[in-house]
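Here are the chains, one letter per residue:
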Amino acid sequence: MRDSSPRKSSEQERAPGYGIQIGYRTLSIRVEEKDLPSKAKQSTDPADAIASIDVHLISTDEVYTRYSCHPTVGLEEAAVQRRSKDGKNVISPPPTQYWKKVLNYIFGGFNFLMWIAFVVTILSYKPLGGSSPAAVNLGVAVLLMLVIIISATFYAFVDWNASRIMKSIKSLIAHEAAVIRDGKQKLIPATDIVVGDIVVLSTGDRIPADLRIVAASSDLRFDRSLLTGESDMVPGSLEATSDNALETRNLALTSTFVTQGTCNGIVFATGDRTVMGRLVKMSGETKFKLTTIQKEIWFFTKVISSVAFSMFGISLLLFGVWLRTSYPGYDTISSAIMNSIGCLTAFVPQGLPLCFALSLTIIARRMSKRHILVKNLATIETLGCMSVLCSDKTGTLTAGKMAVESIAFLDHHLLVSEMYEKISEAPEPRFFAGLSALHHTARLCNGAKFDSATADRPIHERNVKGDPTDTALLRFSEAMSIPALNIDTSALLSSWRKPFEIPFNSKNKWMLSVVQETRTTGGDITERDSQAWMLVKGAPDILLKSCTTVTRSDGAVVPFDEASRQHMSELQSDWSSEGQRVLALCRKPLDALKPNLSPNDMEELMYSELCNLTLVGLVGIRDPPRPDVPSSVAIIRRAGVRVFMVTGDFKLTAVAIARQHSVDTIDDVKAASSEKHLTDVPLPSIKPSDDDPIRALVLTGEDVSALTPFDWHIIVGQYTEIVFARTTPDQKMKIVEEIKARGDNTVAVTGDGVNDAPALKAADIGVAMGSGSDVAKEAAALILLNNDFASIPVAIEMGRLVFDNLKKVTLYLMPVGSYTEFMAVVTNVVFGMQIPLSSYLQVCFSITNDVVMSISLMYEKAEADLMMRKPRNARTDRLTDWRLFFQIYLVSHSTPSDAWSSQVTYYYMWFVYMDQQGLGFHDVFLAYNNWTDGYHGYTMAQLTHFVNVGQCVYYVTMVFMQYGNLLAIRNRRVSLLQSNPLWGPRKNIAIPIGMVATALIAVINLYGPSLQNVFQTAPIPGMFWGPPFAFGLGILCMDEVRKLIVRTYPKSIVAKMAW
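Within each chain, residues carry numbers counting from 1 in the order of the written sequence. Per-residue local features of the predicted model are confined to residues with pLDDT of at least 70, and side-chain atom pairs are confined, for both listing and counting, to 80 or more; whole-chain, interface and lining totals are unaffected and use all residues. As a rule here, side-chain values come from all non-hydrogen atoms in the structure, and water together with hydrogens is ignored.

The name given to the chain in an unreviewed UniProt entry is Cation-transporting P-type ATPase N-terminal domain-containing protein, and the organism recorded there is Suillus placidus.

As C-alpha cells, then:
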C-alpha cells in the first residue's frame, strides 16, 4: 500500500493501520468544529452541495486536521459518540408518489373495464331506465363499485405485504465495514460509520460512505458503474486528478466498489449527505420497470380487454341496428345494456392480476424461509428457465473453510497435523529451520487481518477480513510457535513493516509484499539501512518459472535445477489431484529501499525484480466439499439443468473436486475437437439430445482463449458436464456469453469473489453467496444468505412453480368466461332466447367464484414431476401465446370435448327446467319478442319467474361443475389419487375452503331475501342441486383418463396436446 507522507514510527505494525506513513505532531486531536476553517454556507440544492465538495483538493494532513482524527489511532470512542448524533449512515429511499400508486390500484389491471361497466350500468338505471328504472340495475352498479373497491384494496394489501417481506429479507444482509478506532481495526455495521472514521477497504468491498483516500496500493481500482453507468475500472489515486468531485480519483464514493487493490480513506460524508444520497434526492422517484411476466400479463390484459370491449360494442350495435327494428319490444335500451355487461365480465379473468400479485408474496415468503434473497420478481420468473448452471468452486461447491493441510520443501513434505510431532522426533530442531522462512513469508505476505474485537478468542474462532486462501494462511501462521526455531508471530509483526504491496488478482495469480525490518536504537525506531525482502505467494505454475533457487527443510538454499523443478511440479500435481489448492511461497532479498520512489515507479521496480526468486516451499490448502452438494447436483441434473464448474484453480484440483460430485467421464479438449457433426445447425438447436449419454470435458483458460465458434458448437452441443479451470474474469464472462448464444440456454452463474462479478452480471441469473464479496452480491440477482448450495434446486423449483401456477390460473379462468358467461349473452342477442345468466350472477361469478378458486391455485405446491421436466424455454414457452389461446378456446384444459360438453351441460339444465314448466326447446329458442304476457298461457310475472329460477339453475350448475375443473387442473400429469388437497405432500387446504366458500355464496345468492328482492334471484328445485356434482365428477374422470394416457404413452398425440 502506498502512503501519503514519511513514516515516524512503526509501533502499529500489528495494528491494521501499520501501512500508513504520516508525519504527525503531538497536538490535541479534539479539535472542535468551531475551530475549523470556515466553510461556505450550505445550499439546499443537492447539485450545489456536490459542487461545493473540496476535500479532494486539500492535502492529507489537512484532511486529518479537518476531521479531527489520528492516522493510526483513528477516532476515539468519545468522538464517535458525539458524531453519531448526526444520524445513521443510511441513504433515504426516493420519495414515493402515493397518488400514482392509488390511481394504479383503482384503475389498474381489469379494473378499468369494471369502471366502464359501472358507468354504463348507472346510465342504464338513469336516465335510460325511464320513469321506473329497474332496481336490479342500481344493485349491479353498487356491486361493481364494491368489486372495484375490494380489488383496489387487495392490490394495495398485496403490494404492501410484498414490500414488507422483501424489506425483511434484505435486512438479513449485514453490511459491515472495517474501521480504525482507538488504534484497533474493528468490524462495525456500515450504518454506524461517522464522519472522520478511517475505513480500511480491500478487494471486493462496497464503499460504505464517501471517503477521501489517504493510503492506497498501487493497483487500486474502483467500479463506479452505479454512478457513471460505465463498467470500466477507475484507478485510485492519492492526489486530486480533477476539480470535479465526481471525476477526481482520490475520492471513494459510497455504493461503488473496490475491484482491485486496497486503500484507507477518511469519511467526509455519510447517509443522505453523500454524493449518492444527493443524487437520489435529485433523481426523485424510482422509475417502475415491468418484468417479463408483468409485460405478458399486461399484453394479455390489453388483448382480452379489447376483445371484451369489442364484443360489448357489437352486442349493443346488434341491438341498435337489428333487434330494435326487426323485433320491437324484445329489449329496451336499459335491458340491452345490462345484458351486454356480460361481455365485459365474461372475458375478464379478474383473478389473474390478483393471483399474479399474490404470487410474489407467496414465493417470497417460501424463499425467505430458506434464506434466499431475491432482488426482483424477474429473477423468480427466470429461475424456472435455468438450463445451465456455471458454478464457482471455492465457497460454492466447497465449504469455503480452507485450512492448510500440507507443507513441502525440496527434500521433505509433511502434514500440518504431524508437524510438531515430526519436529520433536528430529535429532536436531534445526533440521526444520526452513519453517522459519516459510512462517515469515506466509504471515507477512498476507492480505487477511483479524478483527480486533475477537482477538481474545481462540485462533480458529476469530473473525477474519480477507479471502479464504489468505485466511487459511493467516490462521496457520498465527498458530505457529516454535521457540527452538525462533518462530514467534508477535515478535515477527513488531519487527517488520510493510511499505508496499501488490494484492492478489486473478490475472497475475500472485500477491507481492515488500517488508522491511525495523531496529530500535536508543529507544527510537529506525528503518534506515535495515534489511528488506520481497515476498511473493501464488500459483506454482506461474511462480516456479521465476525461481532459480529453492529452500531445503533445514533452511539451506540450493540451485533450483531441472530435477528439482520436476519434483516440485509432480508434488503439486499429486496434491492437486487430491483436491488441495497448492500455493508457492517465494522470497528475494532487496537492496536498501529508495525512500522517495513514487508508487508507480515502485510497482515497475517490483515487476522488474520478479525474477531469480527463492522457492521457500509449497503449501497445500484443503477446502472440504459441502456435504449437500452431491445430492443437490443430482436434483439439478434430474431437472434437465447442466452443471458446469468454472474456477480459477489448477486443472487437477478442479477435476478432483468435480469427481467428488460425480463428474467422472472427463475428456480433454483434443477429444472434443474431433467431434465434427454440428455443421449448419441453427444456434437455438445446439444442445445435447435427450438420448445422449453424460459426457464431461475439462478445459483450461488457455483452451478457452483458443476456441473457435465451431469449437464452441461442439462443446455446448455435445457435453453435459464441463470443468473450466485456470480461468480469468474475462474468460468466465466469455464462457457465459458463448453458452447463452447457443441452445436457447438460460444460464445461471454462482460466485462469491470479485473475479466472479463480470460473469454474474453477464448471466441470466447471478447467484452470490451471503459470505461473498460486496461486488459479487451487488452483481447477483439472487443471494444465498446461508451459503447453502442446496438452496439452488429449491430456487429452481420455486421459479417453475410460480409459472406453473399462473398457467393453471389462466387455464382455469378463461374457458369459464369464454364458453359460459359469454355464450349466455350470445344466445340472448343472436338467438332470441331469454338470457340464461343475469348480469348480476355474471358479475358475481366473475368476482367471487373465479377469484376465490383461482387464488387457491396459487397456494398449490409443486407437482411430483415438476423437477423432472425439462427447463422451460424462455424464448418459446411463454405464459400467454397463440398456443394458450388455442388450448383455451378450442381444446380447454383437459380433453377436447370438456369445454363444449360443459357448455352443453349448462344449457341442458336450463332447458330441463324450462321443459318442466311446459316450455320446450323451440318455445324458448328464437322466441325474441314473442316472450311476453300470454305466451303459452303464462303471465309476464310467471315467465319472469321462470327465467329467474332458470338463471339460478344455470348459475348453480356453473358453480359446482367448476369443482371438477379445479381438481382436474391442479395436476398436469399426476392423478388426483396421488395428490389430493386434504393430506399428503400436495395438501392445499385453500382448495376445500374455496369450494365451501363458493357454495355458501351460491346459497346466499339464491336464498337471501334482500338479494331476491333486488337482483331477482330465486330458490331452485332440489333435483337441480345434485346433477352438477355428477357432471363435475364426470369432467374429473375424463381428465384422469387423459392423464393416464399421457403417463402411459408420453409420446402420443394426447400427450403432445397436453399443456
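Undergrad: Sorry if this is basic, but what is going on with the overall build of the chain here?
TA: Comment: elements are numbered from the N terminus, with helices defined as DSSP H or I runs of at least four residues and strands as E runs of at least two. In terms of regular secondary structure, the chain is built from 38 helices and 33 strands. A burial count over the chain gives 57% of its 1059 residues as buried. A total accessible area of about 44,000 Å² is found for the chain, and carbon and sulfur atoms account for 58% of it. Burial classes: relative accessible area under 20% of the type maximum marks a residue as buried, over 50% as exposed, and values in between as partly exposed (1.4 Å probe, protein chains only). Here, Shrake-Rupley sampling with a 1.4 Å probe gives the accessible areas, and only protein chains in the shown set may cover a residue.

Undergrad: Mind showing me how you'd approach the packing of aromatic side chains here?
TA: Two aromatic rings, taken as a pair, are described by how far apart their centres are and by the angle between their planes. Stacked, tilted and edge-to-face are the three classes assigned to paired rings of Phe, Tyr and Trp, where Trp is represented by its six-membered ring and a pair needs centres within 6.5 Å; plane angles under 30 degrees give stacked, over 60 edge-to-face, the rest tilted. One pass over the full model with this rule turns up 26 aromatic pairs. Ring geometry for Tyr938 versus Phe946: centroids 5.0 Å apart, planes at 85°, classification edge-to-face. Here Tyr938 and Phe946 have matching classes, each one buried. A connected cluster of aromatic rings, assembled from ring pairs, spans Phe831, Tyr906, Tyr907, Phe911, Phe921, Phe925 and Tyr954. The residue whose ring lies beneath Arg695 is Tyr719, and the NZ or CZ to ring-centre distance is 4.7 Å. The ring of Phe803 is capped by Arg872, whose NZ or CZ atom sits 3.7 Å from the centre of that ring. Should the NZ of a Lys or the CZ of an Arg lie within 6 Å of a ring centre and within 35 degrees of the ring normal, that charge is described as sitting over the ring.

Undergrad: Hey, could you run me through the sheet that holds strand β3 (residues 198–201) in this one?
TA: Within the open sheet, the six strands sit side by side as β2-β1-β3-β9-β4-β7. Their pairing is antiparallel. Unpaired on one side and paired on the other, β2 (184–189) and β7 (251–252) mark the two borders of the sheet. Two strands qualify as a pair provided that DSSP identifies no fewer than 2 bridges between them. Here strand β4 (residues 210–216) pairs with β7 via two bridges, running antiparallel. Bridging from a neighbouring strand, Leu211 pairs with Ala252 of β7.

Undergrad: When you look at the sheet that holds strand β5 (residues 221–223) in this model, what are you seeing that I'm missing?
TA: Adjacent strands of a sheet form backbone hydrogen bonds with each other and so pair up, either parallel or antiparallel. Ordered in space as β6-β5-β8, the three strands form an open sheet in which the pairing is antiparallel. Each end of this open sheet is capped by a strand with a single partner; those strands are β6 (233–235) and β8 (257–260). Here the strands of the sheet are splayed against their neighbours by 45° on average, with no regard to which way each runs. Lines fitted to C-alpha atoms define the axes here, with helix axes fitted over just the stretch in contact, and angles between the N-to-C directions of these axes take values from 0 to 180 degrees.

Undergrad: Where do I start with the environment of Leu318 in this structure?
TA: Topologically, Leu318 is positioned in helix α9 (residues 292–326). We call two residues in contact whenever any of their non-hydrogen atoms come within 4.5 Å of each other. Setting aside its immediate chain neighbours within four residues, Leu318 contacts Leu323, Val829 and Val830.

Undergrad: Would you explain the pairing of strand β31 (residues 747–751) in this entry?
TA: Two faces belong to every sheet, and in a regular strand the side chains alternate between them. Burial analysis of β31 places five of its five residues in the buried class, the great majority of the element. Both faces of β31 are covered, namely the face carrying Val747, Val749 and Gly751 and the face carrying Ala748 and Thr750. Here strand β11 (residues 388–391) runs beside β31; their pairing, made up of four bridges, is parallel. Considered in β31, the bridge of Val388 is made with Val747. Of the strand pairs in this sheet, β31 and strand β32 (residues 765–769) are connected by four bridges, and their pairing is parallel. Note on β32: the bridge partner recorded for Val749 is Gly766.

Undergrad: Just to check I follow, could you spell out the packing of helix α34 (residues 940–969) against helix α37 (residues 1027–1048) for this structure?
TA: For any two helices packed against each other, the geometry comes down to the angle between their axes and how far apart the axes lie. Two elements in contact, α34 and α37, have axes separated by 8 Å at closest approach and are oriented at 20°. One finds that α34 runs roughly parallel with respect to α37. Considering the relative orientation of α34 and α37, their crossing is right-handed. Across from Val956, Thr957, Phe960, Met961, Tyr963, Gly964, Asn965, Leu967 and Ala968 in α34, the residues of α37 making contact are Pro1028, Phe1029, Phe1031, Gly1032, Ile1035, Leu1036, Asp1039 and Lys1043. Each residue belonging to the contact of α34 with α37 can be placed in one class, and the counts come to eleven nonpolar, four polar and two charged. Oblique is the label for any angle not covered by the other classes, which are roughly parallel (under 35 degrees), roughly antiparallel (over 145) and roughly perpendicular (65 to 115). Left-handed is the label given to a crossing in which the near helix is rotated counterclockwise from the far helix by less than a right angle, and right-handed is the label when the rotation is clockwise. By the convention adopted, Pro, Cys, Tyr, Trp, Phe, Met, Ile, Leu, Val and Ala count as nonpolar, Lys, Arg, Asp and Glu as charged, and the other residues, Gly among them, as polar.

Undergrad: Just to check I follow, could you spell out the environment of Phe803 for this structure?
TA: Secondary-structure assignment places Phe803 in helix α29 (residues 791–829). On the basis of relative accessible area, Phe803 is assigned to the buried category, the value being 8%. Sequence spacing of Phe803 and Met858 is 55 residues, and the spatial spacing of their C-alpha atoms is 10.0 Å.

Undergrad: What should I look at first to understand the nonpolar core in this one?
TA: In globular proteins that are soluble, nonpolar side chains generally tend to be buried together. Only buried Ala, Val, Leu, Ile, Met, Phe, Trp, Tyr and Cys residues count toward a nonpolar core, and they belong to the same one when joined by side-chain atoms within 4.5 Å. Core analysis: the largest hydrophobic core is formed by 150 residues, its most contacted members being Leu919, Tyr955 and Ile1020. Of all the elements, α29 adds the most residues to this core, at 19 residues. Counting 31 residues, the second largest nonpolar core, distinct from the first, contains Ile722, Ala768, Ala776 and Ala779.

Undergrad: Is there a simple way to think about unusual backbone geometry in this case?
TA: If a residue is not glycine, its phi is most likely negative; likewise, a peptide bond is most likely trans. A cis geometry characterises the amide bond from Lys126 onward to Pro127, with omega recorded as 10°. By the element assignment, Pro127 lies in the loop between α5 (111–125) and α6 (135–170). Phi is positive for His371, which is not a glycine, with a value near 60°. With respect to the helices, strands and loops of the structure, His371 is situated in the loop between α11 (351–369) and β10 (372–374).

Undergrad: Hey, could you run me through the UniProt feature "transmembrane region" (unreviewed entry) in the chain in this one?
TA: UniProt positions are given in the numbering used here, feature names are shortened, and annotations may be inferred rather than shown by experiment. In this structure's numbering, the residues bearing the UniProt feature "transmembrane region" (unreviewed entry) are residues 102–123, 135–158, 297–323, 335–363, 809–833, 989–1008 and 1020–1038. With 90% helix and 0% strand, residues 989–1008 has its two end C-alpha atoms placed 27 Å apart.

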